[in-house]
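Chain residues, written in single-letter form:
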Amino acid sequence: KTEYLNIILDETNKMNKLVMDLLNLSQLESGSVDIEWKDFEIRNLIEDTANLFNLVIKDKGIRLTTKIKDHLIHSDYAHLQTVLTNFINNAINHVDGKKVIDISVETAKDGVIKVVVFNTGMQIPDDEIKNIWDSFYKIDKARTRSYGGQGLGLSICRTTLDLLDYKYGVENRVDGVAFYFEIKTF
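Since we're looking at a predicted model, the values are computed, not measured.

Observations concerning the environment of K109
- Residue position: K109 is located in the loop between β4 (100–107) and β5 (112–120).
- Judged by relative accessible area, which is 61%, K109 ranks as exposed.
- In the structure, K109 is positioned 75 residues away from K184 in sequence and 9.3 Å away in space, judged by C-alpha atoms.

What follows is the structure, encoded as structure tokens:
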């Protein structure tokens, strides 16, 4: 009996997350979301967001590293945290046996920094990259069932970053995949 209740509870939680993600995406797409511009250190945002995953990372035996310098930015903390949360969650769900996730801030050009979330693992096929930002799109539909992904996280990231007018993308690297967004510093 307890086993069935746990299954029902688990499915209810998944459905709740799906509905909340759809509501969030709908609000973002309709432009009815307020942006709260404020000054903050990118380091604080990254550390606060990474700390949300401490238990999962420890439980899965993942090695999370950060390479962050202080950069004062002017943006919306909550919206960027949503993007980082989705990028990190995606990295956790797709990390390979090496179990390495690295979050870094790279200096681009002209006062622009690039926030990168990298995970070791399989590269995204080139013909799939353009589709991963679409709602409900999944590269490996069978695999995403095991972690409950609905295919909305990257769509929420795309819509949020478009709203903030930030450049973003994904890069296949030799030993994994890196998702990023760029933001001006001052």
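Let's pick the thread back up.
Points about the confidence of the model for the protein
- With 76% of its residues at a pLDDT of at least 70, the protein reaches an overall mean of 82.
- Every residue in residues 141–147 is under pLDDT 50, and counting partners more than four places away or in other chains gives seven contacts.

Details of the nonpolar core
- If you look at the biggest cluster of nonpolar residues, it comprises 37 residues, and the most contacted ones within it are I42, I46, L80, F87, V117, F179 and F181.
- Only α2 (42–51), α4 (77–94), β4, β5, α7 (153–164) and β7 (176–184) provide two or more residues apiece to this core.
- Ranked by residue count, the leading element in this core is α4, at eight residues.

A short note on the pattern of salt bridges
- Applying the stated criterion across every chain yields a total of six salt bridges.
- Of the charged contacts, one joins R173 and E171 as a salt bridge, the two residues approaching to 3.0 Å between their closest N and O atoms.
- For E171, a relative accessible area of 24% translates into the label partly exposed.
- Counted as one network, the salt bridges with shared partners bring together E106, K114, E171 and R173.

Calculation notes
- Residues numbered from 1 in each chain as written.
- Predicted model: local features only at pLDDT ≥ 70, side-chain atom pairs only at ≥ 80, totals over all residues.
- Heavy atoms only, no water.
- Helix = DSSP H or I, 4+ residues; strand = E, 2+ residues; numbered from the N terminus.
- Buried < 20%, exposed > 50% of the residue type's maximum accessible area, 1.4 Å probe, protein only.
- pLDDT = per-residue confidence, 0-100.
- Contact = heavy atoms within 4.5 Å.
- Core = buried A, V, L, I, M, F, W, Y, C linked by side-chain atoms within 4.5 Å.
- Salt bridge = Lys/Arg side-chain N within 4 Å of Asp/Glu carboxyl O.

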